[in-house]
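Here is how the chains run, residue by residue.
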Amino acid sequence: MQTRIHPHFQKTLQRRFIKLWLSAALSITASLVLHRQGYPQWGWVMAAVFGVLCVGGLLLLTWHLYHVRCLQCGGKTRTTKDATRTQWVAQCEACQIEWDLQTGVGGD
């Protein structure tokens, strides 16, 4: 199987993570400010938004990791760990290409 570097997966994943992190940080800050300013209901709403952003964001990023399209044929790939078990790769069986996603694997 031929190995190629996926040209934009890592940068796209980083941008999505940064947007989610900033949104979560703003929502928890708004929650604390609203509580302090005497708007507890809105504070709790923003706290709930924070929770949804955290859980939903992580689920969304995980979904994107496991649903990578092959850049050669546009088909589905199977995301697994590479031979060293330190990086994520997306394998296309049709093209016999292993796309290096340049994304490290968390602790085992």
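Scroll up to find the structure this text is about.
Since this is a predicted model, take the numbers as computed values, not measurements. (Residues numbered from 1 in each chain as written. Predicted model: local features only at pLDDT ≥ 70, side-chain atom pairs only at ≥ 80, totals over all residues. Heavy atoms only, no water.)

**Student:** Now, about the overall build of the chain: what can you tell me, with residues and values included?
**Tutor:** When its secondary structure is counted, the chain shows two helices and four strands. In sequence order, the chain lays out its α and β elements as β-α-α-β-β-β. The C-alpha atoms of the chain give a radius of gyration of 19 Å, which is well past the 13 Å a tight globule of 108 residues would have. The C-alpha extent of the chain, read off along each of the three principal axes, is 60 × 30 × 15 Å. (Helix = DSSP H or I, 4+ residues; strand = E, 2+ residues; numbered from the N terminus. Rg over C-alpha atoms; globule rule 2.2 N^0.38 Å.)

**Student:** Summarise the side chain of Q91; cite the residues concerned and give the values.
**Tutor:** In this structure, Q91 sits in strand 3 (residues 87-92). Engagement of the side chain of Q91 in a polar contact is seen with the side chain of R78, the distance being 2.8 Å. For Q91, the side chain forms a polar contact with the side chain of E98, separated by 3.0 Å. Contacts of Q91, omitting those with residues within four sequence positions, involve M1, T77, R78, T80, I97 and E98. (Polar contact = N/O pair within 3.5 Å; in protein donor to acceptor, adjacent residues only side chain to side chain. Contact = heavy atoms within 4.5 Å.)

**Student:** Could you give an account of the sheet that holds strand 2 (residues 78-81), with specific residues and numbers?
**Tutor:** Within the open sheet, the four strands sit side by side as 1-4-3-2. Their pairing is mixed. The two strands at the open ends of the sheet, each matched to only one other strand, are strand 1 (2-5) and strand 2. Going across the sheet, the axis of each strand differs from the next one's by a mean of 35 degrees, ignoring polarity. Two strands pair when backbone bridges link them, and strand 2 and strand 3 are joined in this way by four bridges, in the antiparallel orientation. What sits directly across from K81, in strand 3, is W88. (Pairing = 2+ DSSP bridges. Axes fitted to C-alpha atoms, helices over the stretch in contact; angles between N-to-C directions.)

**Student:** Give me the lowdown on helix 2 (residues 40-66), citing residues and values where you can.
**Tutor:** The terminal C-alpha atoms of helix 2, which comprises 27 residues, lie 39 Å apart, in line with the 39 Å expected from a rise of 1.5 Å per residue. All of the buried residues in helix 2 are G43, G57, L61, H64 and L65. Taken together, the buried residues of helix 2 touch helix 1 (9-36), strand 2, strand 3 and strand 4 (97-104). (Expected span 1.5 Å × (residues − 1). Buried < 20%, exposed > 50% of the residue type's maximum accessible area, 1.4 Å probe, protein only.)

**Student:** Please give an account of a nonpolar patch on the surface that cites residues and values.
**Tutor:** A cluster of nonpolar residues, F17, I18, W21 and L22, forms a patch on the protein surface that exposes about 440 Å² of accessible area. Note that F17 resides in helix 1. Look at F17 and you get partly exposed, because its relative accessible area is 44%. (Patch = residues over 30% accessible without salt bridge, like charges linked within 9 Å, V, L, I, M, F, W, Y side chains within 5 Å. Areas by Shrake-Rupley, 256 points an atom, 1.4 Å probe, with all protein chains shown as cover. Salt bridge = Lys/Arg side-chain N within 4 Å of Asp/Glu carboxyl O.)

**Student:** So, the packing of aromatic side chains: which residues are in play, and what are the values?
**Tutor:** Across all of its chains, the model carries one aromatic pair by this definition. Ring centres of Y66 and W88 lie 5.8 Å apart, and the angle between their planes is 75 degrees; this geometry places the pair in the edge-to-face category. Residue Y66 is found in helix 2, and its partner W88 is found in strand 3; the two are separated by 22 residues along the sequence. (Phe/Tyr/Trp six-rings, centres within 6.5 Å; stacked < 30°, edge-to-face > 60°.)

**Student:** Could you give an account of the nonpolar core, with specific residues and numbers?
**Tutor:** Residues F9, L65, V68, W88, A90, W99 and L101 are the most contacted members of the largest nonpolar core, which totals 14 residues. If you list the elements that add at least two residues to this core, you get helix 1, helix 2, strand 3 and strand 4. Filtering out sequence-adjacent residues up to four positions away, L101 remains in contact with H6, F9, Q10, L65, V68, T79, W88, V89 and A90. (Core = buried A, V, L, I, M, F, W, Y, C linked by side-chain atoms within 4.5 Å.)

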